[in-house]
There are 2 protein chains.
Amino acid sequence: MARSKEFDPSIVLRKSMEIFGHYGYEGTSLQNLLEGLGIARQSLYDTYGTKRDLFISAVKHYINEKTATVIARLESPGSAKMAISEIFFEAISVLKDDAKRKECFIMDSAIAQVPHDSEIAEFFNQDLKRLEEAFYKALVRAQEQGELGEQKDKAALAKYLNHSRYSLTQVAKLSSDPKVLDDFVSVILTTLE
Amino acid sequence: MARSKEFDPSIVLRKSMEIFGHYGYEGTSLQNLLEGLGIARQSLYDTYGTKRDLFISAVKHYINEKTATVIARLESPGSAKMAISEIFFEAISVLKDDAKRKECFIMDSAIAQVPHDSEIAEFFNQDLKRLEEAFYKALVRAQEQGELGEQKDKAALAKYLNHSRYSLTQVAKLSSDPKVLDDFVSVILTTLE
DNA sequence: TTCATTTTAGACTGAATAGTCAATAATAGA
DNA sequence: TCTATTATTGACTATTCAGTCTAAAATGAA
């Protein structure tokens, strides 16, 4: 029928995570996007809609992908406590990788929009709820497996792990020394001891 | 000599923390500021300089004030462990107060500027360093007082407490339920047990 | 080759942007 | 009261903003 796109919309979406993550939503201009993505103005509008549409697509894609991985790991067979540890170690390994870490900062840009964008706010609500449930169930399993003290407050711990994981990108942004992330996560995990 | 200002520059500075915290740095327009602050355009430029100047003044004023309070508490006589707890309880009490919490969100707006503003980046560097040292010394005292296990990694804990405290505003922004803050902080403090 | 369809390129728009300027109003000290 | 100094006001500018439109270039299927 017609010519095919000269770019891979999925790759461009990943790249837009980096750009929005670097400049923030309002801080990102169309020009930033066009130069960074290497596509034409009209291609952007035809493929993704407005700047806000692109931002929301990028945020949802990023979070859905991460959350799916985390939940899958939490529900995987074996030690639940080990699963939780690995989720955090995997996260800091991404944040230490110069190529991968850039996408993560779209989290902070998205959180900054929560007071102004009800769609994003609701999306975070749902994401946190799903993750909290998954962490909670994992903590139940950890107790059953005898790897988590019976006196631990699983509900509080689930919320804590949730928000601690969310805070990793902020720690990474503030700390040039990657060792800080190691220390930060190793202390987080002591809350399970 | 001449007439005096019709506004209190200190109060206006506090109000600008709220505005920048709500909209973010780039998301805040001059019009937002003028309407929110209730002062004239030229008054703003005469008193504070450019938008960026005002932002930096607000950020520095906010952080310096908070940090001074935290360090003073950490160096105060008595139980060092109690001091650390109180710092976190005080923080969430501010974040639960509708009138006080708004200013706090300038933290997130400021952190978002770290990659683009070397002055802010350096300021955070120094602030985190000062706080980390203060936390570390408090942890040393806590060990001396017999309230912190000898095997604890004080350096890692100091960094951890630092960044956990910094992450409180993000937790508050994402959680409508203030109980989440209680749970979050109560788990944080278990790292000292 | 033809043609329907889509991408691309770049000009264009009106609104909003940060910041300046000049004129007026107010006031504290002499 | 006078005057030097400052605050206030609102008009103004040049730039950048997101988004639209038109036309040319490209290309897959028939």
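Worth saying up front: this structure is predicted, and the values here are computed from it rather than measured. (Residues numbered from 1 in each chain as written. Chains lettered and ligands numbered in written order. Predicted model: local features only at pLDDT ≥ 70, side-chain atom pairs only at ≥ 80, totals over all residues. Heavy atoms only, no water.)

**Topic: the side chain of K154(B)**
All names here are of chain B. Of note, K154 is situated in helix α9 (residues 154-174). No salt bridge is formed by the buried K154, whose closest oppositely charged neighbour, E150, lies at an N-O distance of 6.2 Å. Within polar-contact distance, the side chain of K154 engages the side chain of Q143 at 3.1 Å. When neighbours within four sequence positions are excluded, K154 is seen to be in contact with Y136, L139, V140 and Q143. (Helix = DSSP H or I, 4+ residues; strand = E, 2+ residues; numbered from the N terminus. Buried < 20%, exposed > 50% of the residue type's maximum accessible area, 1.4 Å probe, protein only. Lys, Arg positive; Asp, Glu negative; His and termini not counted. Salt bridge = Lys/Arg side-chain N within 4 Å of Asp/Glu carboxyl O. Polar contact = N/O pair within 3.5 Å; in protein donor to acceptor, adjacent residues only side chain to side chain. Contact = heavy atoms within 4.5 Å.)

**What to know about the packing of helix α4 (residues 51-75) of chain B against helix α8 (residues 118-144) of chain B**
All names here are of chain B. Across the interface, α4 lies against α8 with an axial gap of 10 Å and an inter-helix angle of 5 degrees. Taken as axis vectors, α4 and α8 run roughly parallel relative to one another. Contacts between α4 and α8 involve R52, F55, I56, V59, K60, I63, N64, T67, V70, I71, L74 and E75 on the former and, on the latter, E119, I120, F123, F124, D127, R130, L131, A134, F135, A138 and R141. Along the lines of polarity and charge, the residues of the contact of α4 with α8 split into 14 nonpolar, 2 polar and 7 charged. (Axes fitted to C-alpha atoms, helices over the stretch in contact; angles between N-to-C directions. Parallel < 35°, antiparallel > 145°, perpendicular 65-115°, else oblique. Nonpolar A, V, L, I, M, F, W, Y, C, P; charged D, E, K, R; others polar.)

**Comments concerning the UniProt feature "DNA-binding region" (unreviewed entry) in chain A**
When the UniProt feature table is mapped onto this chain numbering, "DNA-binding region" (unreviewed entry) sits at residues 29-48 of chain A. In residues 29-48 of chain A, helix accounts for 80% and strand for 0%; the two terminal C-alpha atoms are 15 Å from one another. (UniProt positions renumbered as here; feature names shortened; annotations may be inferred.)

**Some points on the interface of chain B and chain A**
Tallying the contact residues gives 32 residues for chain B and 32 residues for chain A. Here chain B packs against chain A, burying approximately 2,900 Å² in sum over the two surfaces, 69% of which is carbon and sulfur. Our count for the chain B to chain A interface comes out at 2 salt bridges. We note a salt bridge from K159(B) to D183(A), for which the minimum N-O separation is 3.5 Å. Taken together, chain B and chain A are joined by 8 residue pairs in polar contact (both at pLDDT 80 or more). Elements that contribute at least two residues to the side of chain B that touches chain A include exactly α1 (9-23), α7 (106-113), α8, α9 and α10 (179-190) of chain B. Per-element tally for the side of chain B that touches chain A: the top contributor is α9(B), with 12 residues. The residue inventory of the side of chain B that touches chain A, partitioned by class, reads 17 nonpolar, 10 polar and 5 charged. (Buried area = accessible area lost by both parts, 1.4 Å probe.)

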